[in-house]
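# Survey of secondary and tertiary structure
Here is how the chains run, residue by residue.
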Amino acid sequence: MNLKQRDKKHLWHPLKQHQLHPESLAIVKAKGCILTDENGNEYIDAISSWYTSMYGHCNDYIIEQTYKQMQQLDQIMFSDFTHEPAIKLSEDLIKILPKGQNKIFFNDNGSTAVEAAIKMALQFHFNNNDSRSVFIAFENGFHGDTFGAMSVSGLSVYNGPFEEFLIDVKRIPTPNGSNTEQILDLLKTFNTKHSIAGFIYEPLVQGAAGMKIHDAKGLNDILSFCKQHQILTIADEVMTGFGKTGQHFASHHIETKPDIICLSKALTAGLIPMAITSCTQNIYDAFLSNDMAKGFFHCHTYSANPIACATAIAGIELLLSSEIQQNIKRISKAHQDFSHHINNHPKVKATRHLGVIFALDLNTKMERYGDLREKLLKFFMDRGVFLRPLGNTIYIQVPYIISPGELNKVYQVIEEALEIV
Ligand SMILES: *Cc1c(COP(=O)(O)O)cnc(C)c1O
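Scope of this entry: the structure provided in the associated data block. (Residues numbered from 1 in each chain as written. Predicted model: local features only at pLDDT ≥ 70, side-chain atom pairs only at ≥ 80, totals over all residues. Heavy atoms only, no water.)

On to the site of the ligand. Taken together, the residues surrounding the ligand are Asn109, Gly110, Ser111, Phe142, His143, Gly144, Glu202, Asp236, Val238, Met239 and Lys265. In the environment of the ligand, an oxygen atom lies 2.6 Å from a nitrogen or oxygen atom belonging to the side chain of Ser111. The separation between a nitrogen atom of the ligand and a polar side-chain atom of Asp236 is 2.7 Å. The residue inventory of the shell around the ligand, partitioned by class, reads three nonpolar, five polar and three charged. (Near = heavy atom within 4 Å. Polar contact = N/O pair within 3.5 Å; in protein donor to acceptor, adjacent residues only side chain to side chain. Nonpolar A, V, L, I, M, F, W, Y, C, P; charged D, E, K, R; others polar.)

Below, the structure is given as structure tokens:
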């Protein structure tokens with residue numbers, strides 16, 4: 001039996017209706033931008049395995065640094081001990097994070113980074129004897145699949161069975177350059193009617209919504225409203241962090257900086273799962289007390305795993321290298337050119353791009369997991385490119401190390417796909 005057949009016996013895949021889609025392709029190898037399946041077919045990983053493997057798969061330098069750490073210290077409880085990799089990572093991160101961030105808290109994945117951020121915000125107010133329980137979030141935002149993260153996520157089509165257990169969230173539209181006044185009015189109304197603890201947002205780019213890009217100026221106005229009303233601002237940079245938008249973090253494009261930032265995905269370069277919730281000194285100080293109960297009692301067994309920290313340190317080192325920075329500029333420029341080239345095609349409704357993120361909306365009806373998506377997915381895979389369309393949106397988020405030839409192939413299959421839709 002091959003892997004595809006053996007898979008079916010005991011495995012349950014995420015985001016899958018197994019009755020409709022019983023098969024999963026078995027990947028046996030990944031190097032650089034190339035994925036190889038069990039039959040030896042190769043595919044360009046044009047979405048960096050969900051925006052993680054930005055320095056390429058099985059990156060030699062990152063593996064080497066990770067292996068070194070494995071031989072030195074594998075795992076130690078972070079509630080009672082500390083270690084060099086966590087310390088060094090906190091130092092390296094604070095240097096590149098948006099201004100004001102000063103404390104690093106470890107989690108295991110993007111959802112729990114958000115979960116910790118939500119709990120931090122709630123307890124910040126609680127410790128200050130200010131009872132606030134409602135959150136503000138964008139329509140169509142995505143923040144993860146644990147209960148708190150699911151609550152603030154606006155893409156709730158699949159949250160049906162859980163809805164009555166979710167925390168109270170009020171939604172605002174994303175700023176588009178002309179609706180800022182309307183959003184601020186909505187915020188004012190929410191703020192008079194409810195005690196708002198925090199505002200969580202994907203800065204500038206909403207990934208799961210289909211790489212939707214919103215207006216930086218409008219977002220800045222929302223953030224300054226929040227600051228004026230002691231509403232804590234939580235930037236979910238799980239997808240946008242580490243160079244994707246052309247800056248180290250999307251929050252660098254926006255004048256008003258967040259109180260809390262969630263990081264994961266490219267943080268550990270696609271090698272090991274880990275996440276971080278960072279915050280300002282002001283947030284941290286609200287948990288300092290002679291009273292134990294005012295501390296933050298949120299912990300994961302593998303918090304600050306030394307091996308994952310070493311991987312993250314190596315990733316940041318690469319991010320800051322002139323080679324990667326030049327690649328980011330090169331890809332960004334290529335997206336711009338492709339966008340110009342394809343924009344007027346009759347099958348294209350709109351294109352948008354920021355940094356290494358590119359998205360194209362087809363001139364067809366939006367169906368998140370419909371037939372068109374299946375047809376496109378197969379079309380791309382048959383031509384050796386892994387792209388994962390979201391409804392009628394095709395998006396690219398290639399590893400920074402992709403060659404110009406490989407990137408052109410990605411553009412080419414997208415252009416060819418326009419003929420079959
Ligand atoms: C992926 C993602 C998450 C969830 O991260 P997981 O590691 O999958 O739990 C949260 N927020 C954003 C913006 C994401 O892109």
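Next, the rest of the story.
Below, the discussion takes up the layout of surface pockets. Its volume calculated, the second largest pocket comes out at about 810 Å³. Together, 25 residues line the second largest pocket, and Phe78, Ile104, Phe105, Phe106 and Tyr284 are the ones closest to its centre. Mapped by element, the contributors of at least two residues to the lining of the second largest pocket are α4 (84–96), β4 (101–107) and β12 (275–280). Here the lining of the second largest pocket is built from residues that sort into 15 nonpolar, eight polar and two charged. (1 Å grid on protein atoms, 1.4 Å probe; cavity = no way out; pocket = protein on both sides within 12 Å on 5 of 7 lines; lining within 4 Å. Points joined across faces, edges and corners; volume = space filled by probe spheres on them. Helix = DSSP H or I, 4+ residues; strand = E, 2+ residues; numbered from the N terminus.)

Our focus in this paragraph is the pairing of strand β3 (residues 42–45). Bridging between strand β2 (residues 34–37) and β3 involves three bridges; their strand directions are antiparallel. Looking at β3, one finds that Ile34 is bridged to Ile44. Turn length for the β2-β3 hairpin, with the two strands adjacent in sequence and antiparallel, is four residues, and the turn residue Gly40 shows positive phi of about 85°. Bridge count for β3 against strand β15 (residues 385–386) is two bridges, and the pairing is parallel. When the sheet's bridge partners are listed, Asp45 is paired in β15 with Phe386. (Pairing = 2+ DSSP bridges.)

Direction vectors running N to C along helix α3 (residues 60–70) and helix α10 (residues 306–320) enclose 150°, while the axes themselves pass 8 Å from each other. On the basis of their axis angle, the class for α3 and α10 is roughly antiparallel. You can see that α3 and α10 cross each other, and the crossing is right-handed. Mapping the contact onto sequence places Tyr61, Ile62, Gln65, Thr66, Gln69 and Met70 in α3 and Pro306, Ile307, Ala310, Thr311, Ala314, Gly315, Glu317 and Leu318 in α10. Tallied by class, the residues present in the contact of α3 with α10 amount to eight nonpolar, five polar and one charged. (Axes fitted to C-alpha atoms, helices over the stretch in contact; angles between N-to-C directions. Parallel < 35°, antiparallel > 145°, perpendicular 65-115°, else oblique. Left-handed = near helix turned anticlockwise from the far one by under 90°. Contact = heavy atoms within 4.5 Å.)

Attention shifts here to the nonpolar core. Judged by nonpolar contacts, the single largest core of 90 residues is most densely connected at Leu89, Leu93, Phe199, Phe242 and Leu387. Broken down by element, this core gets its largest block of residues, eight residues, from α10. Shared between two domains, this core takes at least three residues from each, and those domains are domain 1 (3–58 + 325–420) and domain 2 (63–320). Discounting chain neighbours no more than four positions away, the residues touching Phe199 are Ile136, Ala137, Phe138, Ile172, Leu219, Ile222, Leu223, Cys226, Ile231, Leu232, Thr233 and Ile234. Judged by nonpolar contacts, the second largest core, of 26 residues, contains Ile118, Val152, Ala197 and Ile260. (Core = buried A, V, L, I, M, F, W, Y, C linked by side-chain atoms within 4.5 Å. Buried < 20%, exposed > 50% of the residue type's maximum accessible area, 1.4 Å probe, protein only. Domains from an automatic or database assignment.)

Moving on to the packing of aromatic side chains. Under the criterion given, the structure shown has 12 aromatic pairs. Ring pairs connect the aromatic residues Phe105, Phe287 and Phe296, which therefore count as one cluster. One cation-aromatic arrangement involves Arg383 over Phe379; the distance from NZ or CZ to the ring centre is 3.6 Å. (Phe/Tyr/Trp six-rings, centres within 6.5 Å; stacked < 30°, edge-to-face > 60°. Lys NZ or Arg CZ within 6 Å of the ring centre and 35° of its normal.)

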